[in-house]
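Observations on chain architecture
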Amino acid sequence: MSPGRPEEVGIPENKPGGAAYSPDPMQCEPTQLMCAAKRGDRDAFDRLVAKVRGQAFHVARGYVGSRDDALELSQEAFMKTYRARDTFREGELFMPWFHRILRNTCYSFLRKNGRLKKRSLNARFGNDTTDDEADWDIEDAGPAPSAGLESDERAQAFWRGFNLLSARDREILSLRHFKELRYQAIADTLEIPIGTVMSRLFHARRRLREALGEFLEEDWDV
Amino acid sequence: MNREPTKEQLAAMAYADGELDDAARAEFEQLMATRPDLAREVAQLQRLELLSRQVAGPEPKDTEWERLSHDHVQRAGGNVGLGLLALGSLGLIVWCVLATLAGGLSPLGKASLLGLLAGSLLLLFSAVRARLRTRPFDPYTEVKR
């Protein structure tokens, strides 16, 4: 069987710069609010924060694990966003810009705590070593962030498996699984083509499934 | 290990994620009826989706976000206080050392006092260093009452 491409399965390529490019509708409102905030509308910024903070929280938690740290880092990213509002260029999408701020905030936190580790030569899932921090390991900070499900064996297994993944895998899985974003919205947020979203998602899920092993083989209701 | 996904595997993933349009979905369902491996793939992806939703937990409430903005002021105050305390302690130690050296104590008294001060400083430094190194891996920072 040959490798697949998104358009072959009925999902058209839709990337920035392409002739027929149109961003996900969910991108438009945050962008408009950010433009208003840049022009001095403080209420618009508050509405923007209320709209996207759930997504920011899930992505940050995917990176750092702890719920409390994720909350603080999301808040910090919003403060940085507000301080940098003058550098936001009208015409660009807000979410990719904000996502870069959030990602850098989380990486700084992990680096400061010595938890961002370059993958070893015998990387767990056959990945090559690379200098791109997105491919690095994030060291586990302790208990799994299962929000009240600590006693649930399945939840613990999930987070154990999740914590074995690279920063890049965690990022895309958080956007899809915890925030349930569509492929186009993920592509817009990460500024990558849909084909890359599908490929990354496929590999990240396969690694997570390998890590979960028997927990996905069990016969339980879907 | 990092084999690229096949067209069928991508279709199975897009089907499980609800990304296919009506025509592509119907076409894939027909294919799936003859391919148990694809049906198993879809079932596993759906289980993974369900499991993720179960473990994701609720998003923070508005009150939690509000508390954070208050915490920020509290923490800034705490940091300034701690900084001043550390600076004051250091100044006091330096003053003690200078006063000891200039004072009328015997050489043995001076040496003892300096040893006491140096030991206290070293112990404080070691304790802070050990705490900073182990804190990221301390599971008890996550305990909730």
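Parameters at a glance
Residues numbered from 1 in each chain as written. Chains lettered and ligands numbered in written order. Predicted model: local features only at pLDDT ≥ 70, side-chain atom pairs only at ≥ 80, totals over all residues. Heavy atoms only, no water. Helix = DSSP H or I, 4+ residues; strand = E, 2+ residues; numbered from the N terminus. Buried < 20%, exposed > 50% of the residue type's maximum accessible area, 1.4 Å probe, protein only. Areas by Shrake-Rupley, 256 points an atom, 1.4 Å probe, with all protein chains shown as cover. Contact = heavy atoms within 4.5 Å. Phe/Tyr/Trp six-rings, centres within 6.5 Å; stacked < 30°, edge-to-face > 60°. Core = buried A, V, L, I, M, F, W, Y, C linked by side-chain atoms within 4.5 Å. Axes fitted to C-alpha atoms, helices over the stretch in contact; angles between N-to-C directions. Parallel < 35°, antiparallel > 145°, perpendicular 65-115°, else oblique. Nonpolar A, V, L, I, M, F, W, Y, C, P; charged D, E, K, R; others polar. Salt bridge = Lys/Arg side-chain N within 4 Å of Asp/Glu carboxyl O. Polar contact = N/O pair within 3.5 Å; in protein donor to acceptor, adjacent residues only side chain to side chain. Patch = residues over 30% accessible without salt bridge, like charges linked within 9 Å, V, L, I, M, F, W, Y side chains within 5 Å. pLDDT = per-residue confidence, 0-100.

Across its full length, chain B carries five helices and zero strands. Listing each helix as α and each strand as β along chain B from the N terminus yields α-α-α-α-α. Expressed as a percentage of its 145 residues, the buried residues of chain B come to 24%. Accessible area for chain B stands at about 10,000 Å²; split by element, carbon and sulfur atoms hold 64% of it.

Take the overall build of chain A next. Along chain A, the regular secondary structure elements total nine helices and two strands. By the burial criterion, 55% of the 222 residues in chain A qualify as buried. Here the analysis covers contacts within chain A between residues at least 6 apart in sequence; of these, 62% occur between residues at least 24 apart.

Bringing the packing of aromatic side chains into the picture now. All names here are of chain A. Summed over all chains, the structure comprises 14 aromatic pairs over all chains. The interplanar angle of 65° and the centroid separation of 6.3 Å between the aromatic rings of F88 and F94 together place this pair among those described as edge-to-face. With respect to burial, F88 and F94 carry one shared label: buried. For the ring pair F94 and W97, a centre distance of 6.2 Å and an interplane angle of 55° mean the geometry is tilted. Here the residue F94 and the residue W97 both occupy positions in helix 4 (residues 94–112), the gap between them amounting to three residues, near one helical turn.

In this section: the nonpolar core. Note that soluble globular proteins tend to have their nonpolar side chains buried in a common cluster. The biggest cluster of nonpolar side chains holds 82 residues, and the ones touching the most others in it are F94 and F158 of chain A together with F28 of chain B. Of all the elements, helix 2 (residues 42–64) of chain A adds the most residues to this core, at eleven residues. When neighbours within four sequence positions are excluded, F94 of chain A is seen to be in contact with P30, T31, M34, L48, V52, T81 and F88 of chain A.

Moving on, we come to the side chain of E64 of chain B. As for its placement among the helices and strands, E64 of chain B is situated in helix 4 (residues 62–102). Excluding residues that lie within four positions of it along the chain, E64 of chain B makes contacts with R67 and L71 of chain A.

Tracing the sequence through the fold places D37 of chain B in helix 3 (residues 36–56). Taking the C-alpha atoms as reference points, D37 of chain B and Q9 of chain B, 28 residues apart in sequence, are found 9.8 Å from one another.

Residue and element names in this part refer to chain A. The geometry of helix 1 (residues 28–38) relative to helix 4 is characterised by a closest axis approach of 8 Å and an angle of 75° between their N-to-C directions. With respect to helix 4, the element helix 1 is oriented roughly perpendicular. Contacts between helix 1 and helix 4 involve P30, T31 and M34 on the former and, on the latter, F94, M95 and W97. Counted by class, the contact of helix 1 with helix 4 contains five nonpolar, one polar and no charged residues.

This part covers the pattern of salt bridges. For the coordinates displayed, the defined rule picks out 21 salt bridges over all chains. Salt-bridge contacts for E19 of chain B lead to R176 of chain A; the nearest nitrogen and oxygen are separated by 3.9 Å. Pair noted here: E19 of chain B is in the loop between helix 1 (7–16) and helix 2 (22–34) and R176 of chain A is in helix 6 (residues 167–178), and the two residues belong to different chains. On the basis of relative accessible area, E19 of chain B is assigned to the buried category, the value being 12%. The class of R176 of chain A is buried, set by a relative accessible area of 7%. Close ionic contact of E49 of chain B with R205 of chain A constitutes a salt bridge, the shortest N to O distance being 3.8 Å.

Glancing now at the environment of D169 of chain A. Residue and element names in this part refer to chain A. Take D169: it is sitting in helix 6. Taking the C-alpha atoms as reference, D169 lies 8.1 Å from H203; in sequence the two are 34 residues apart. Those residues in contact with D169 that lie beyond four places of it in its chain are A204 and R207. Separated by 2.7 Å, the side chains of D169 and R207 make a polar contact.

Before going further, it helps to examine a nonpolar patch on the surface. All names here are of chain B. There is a patch of nonpolar side chains on the surface, built from L90, V94, L98, L101 and L121 and spanning about 440 Å² of accessible area. Looking at the nonpolar patch, the element that brings in the most residues is helix 4, giving four residues. Considering the arrangement of structural elements, one finds L101 in helix 4.

With that settled, consider the confidence of the model for chain B. Overall, the predicted model of chain B reaches an average pLDDT of 83, with 89% of residues at or above 70. Scored by ipTM, the complex comes to 0.74, with pTM at 0.68.

The phi torsion at E180 of chain A lies on the positive side, around 55°, for a residue other than glycine. With respect to the element layout, E180 of chain A can be found in the loop between helix 6 and helix 7 (183–190).

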